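For reference, the chains in residue letters:
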Amino acid sequence: MFVGGFATFAMVYSTQPLLPLLADDFGVSAASASLTVSATAAGLALMLIPGSVLADRLGRQPVMKIALAMAAVLALATAAAPDFASLLVLRALLGAVIAGLPAAAMAYIGEEFAANAQARAMGLYIAGNALGGMSGRFIAALLTDVASWRIALGVIGLMGLLAAFVFWRGLPASRHFRPRAATPARIVGDTLAIYRDPGLPWLFLTAFLGMGAFVGLYNFLGFRLLEAPYGLGQTAIGAIFLLYLVGTWASALSGRLAERYGRRNTLWVMVTVMGSGLALTLASPLWLIIAGVGIFTFGFFAAHALASGWVGRRAGERRALASALYLSSYYLGASVIGSLAGMAWSAGHWSGLTALLGACLLLTAAVALRLRRLPAASNRD
């Protein structure tokens, strides 16, 4: 599952450090270039529900394996995109296809791991996401500096194929999966039951707002650091994504914090940490900007691991659909707020961007505090 999470994020966000270069190469605006990330996130958001239905019907393991293999082939194809429109189409298809893995991953962990190990297992899976996102971005930036963005995306595609091979060979078979009929009546009934839960819809909203803020910050960080007085090169900008190591640690740590203090008492603290990091990025010294991004990254990955694990615990037998709804909100936030961030950047550069992202985090904090008052359910929370 760590390998699957690693490959997913490496492929999905491989174009993020290349946005200034893609804008220049294809002659498009910064906001348009950011669509190479937003289109993939939109494809993910749209296909997560169908992916969860397939996972309920066909099994978690086969859906995840096929999704990862097909996405790797599409990632390889992006390296040969003849124009910007083709690149966007391929990136959207990559997101749609890879959706099968995260749609089934949370349900797989919820079914195959003991209850007292699920928080740590989810933390490790999210840590794989963080490490994959970091590695994909850094490798893409580094190879672009020494070769070209096409070579960089081609190498990311090959990494995806290797990960798919390891995943196919090593993922244990499901022992506790029970197929569920994928009828429209059952899907509608389960969806209504999920939205009647007093906590799940609010957790979906934290995913939308938190991920939107996270993607918005990283999408335009490179544009800021390319400008004076910083003037950083592509490799130096890619190196900033090494801060994802902080996210890897935060994801693993969040499981222990959840076990010790409870998710409801930890989630709002991590959202506050994100806000503190965002405020630091308003400073001018480069070291303070990097410190702020690191703090923001720590808070985000810890909050995401806490919220996603909480969804699986509350949803019970509907965990596959609930996880898909959570992740659909998560990637929809990346697409919608990530695109709005382009407008905020165009209107007010970094100050305009942080104003938008700060508003998102204030709303997230309000939701997290509301969840803190959620009646305790010891067997689920």
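Residues numbered from 1 in each chain as written. Predicted model: local features only at pLDDT ≥ 70, side-chain atom pairs only at ≥ 80, totals over all residues. Heavy atoms only, no water.

A. Examining the overall build of the protein chain more closely. The secondary structure content of the protein chain amounts to 16 helices and zero strands. The C-alpha atoms of the protein chain give a radius of gyration of 19 Å, which matches the 21 Å a tight globule of 381 residues would have. Across its three principal axes, the protein chain shows a C-alpha extent of roughly 55 × 40 × 30 Å. Taken over 381 residues, the protein chain has a buried fraction of 59%. Taken as a whole, the protein chain presents about 14,000 Å² of accessible surface, with 69% of it coming from carbon and sulfur. A gap of 11 Å separates the mean positions of the 26 positive and 13 negative side-chain charges of the protein chain. (Helix = DSSP H or I, 4+ residues; strand = E, 2+ residues; numbered from the N terminus. Rg over C-alpha atoms; globule rule 2.2 N^0.38 Å. Buried < 20%, exposed > 50% of the residue type's maximum accessible area, 1.4 Å probe, protein only. Areas by Shrake-Rupley, 256 points an atom, 1.4 Å probe, with all protein chains shown as cover. Lys, Arg positive; Asp, Glu negative; His and termini not counted. Charge placed at Lys NZ, Arg CZ, Asp CG, Glu CD.)

B. Representation of the pattern of salt bridges. Using the criterion set out here, one finds three salt bridges in the structure. As a salt-bridge pair, Arg60 and Glu111 come within 2.4 Å of each other at their nearest N and O atoms. Here Arg60, found in helix H5 (residues 60-78), pairs with Glu111, found in helix H7 (residues 100-112); they are 51 residues apart in sequence, far enough to count as distant. Overall, Glu111 belongs to the buried group, its relative accessible area being 15%. (Salt bridge = Lys/Arg side-chain N within 4 Å of Asp/Glu carboxyl O.)

C. Just the nonpolar core, in detail. Among the nonpolar cores identified, the biggest contains 123 residues, and Met11, Tyr13, Met64, Met211, Tyr218 and Tyr331 are the most heavily contacted of them. The biggest single contributor to this core is helix H16 (residues 319-372), with 20 residues. Not counting the four nearest positions on each side in its chain, Met64 is found in contact with Met1, Gly100, Leu101, Ala104, Ala105, Tyr108, Phe167 and Leu171. (Core = buried A, V, L, I, M, F, W, Y, C linked by side-chain atoms within 4.5 Å. Contact = heavy atoms within 4.5 Å.)

D. Quick peek at a nonpolar patch on the surface. Nonpolar side chains collect at one region of the surface, where Phe2, Val3, Leu124, Leu162, Phe165 and Val166 lie side by side and expose about 530 Å² of accessible area between them. Elements with a minimum of two residues in the nonpolar patch: helix H1 (2-12) and helix H9 (149-170). Examined against the element boundaries, Val166 turns out to sit in helix H9. By relative accessible area, which is 39% here, Val166 ends up partly exposed. (Patch = residues over 30% accessible without salt bridge, like charges linked within 9 Å, V, L, I, M, F, W, Y side chains within 5 Å.)

E. Quick look at the side chain of Ser14. With respect to the secondary-structure elements, Ser14 resides in the loop between H1 and helix H2 (19-26). A relative accessible area of 3% means that Ser14 is categorised as buried. If sequence neighbours within four positions are ignored, Ser14 has contacts with Arg91, Ala140, Leu153 and Ile156.

F. Helix H15 (residues 286-315), seen in detail. Between its terminal C-alpha atoms H15 stretches 43 Å, which fits the 44 Å expected from 30 residues at 1.5 Å a residue. The buried count for H15 comes to 24 of 30 residues, which makes it a mostly enclosed element. A positive phi of about 60° marks Gly316, the residue just after H15. (Expected span 1.5 Å × (residues − 1).)

G. Looking closely at empty space enclosed by the protein. Enumeration according to the criterion identifies six cavities of 30 Å³ or more in this entry. By volume, the largest cavity is sized at about 100 Å³. In terms of lining, the largest cavity is formed by 14 residues, of which the most central are Thr206, Ala207, Gly210, Ala303 and His304. The set of elements that each furnish at least two residues to the lining of the largest cavity consists of helix H11 (200-226), helix H14 (263-280), H15 and H16. Class assignment for the residues of the lining of the largest cavity results in 10 nonpolar, four polar and no charged. (1 Å grid on protein atoms, 1.4 Å probe; cavity = no way out; pocket = protein on both sides within 12 Å on 5 of 7 lines; lining within 4 Å. Points joined across faces, edges and corners; volume = space filled by probe spheres on them. Nonpolar A, V, L, I, M, F, W, Y, C, P; charged D, E, K, R; others polar.)

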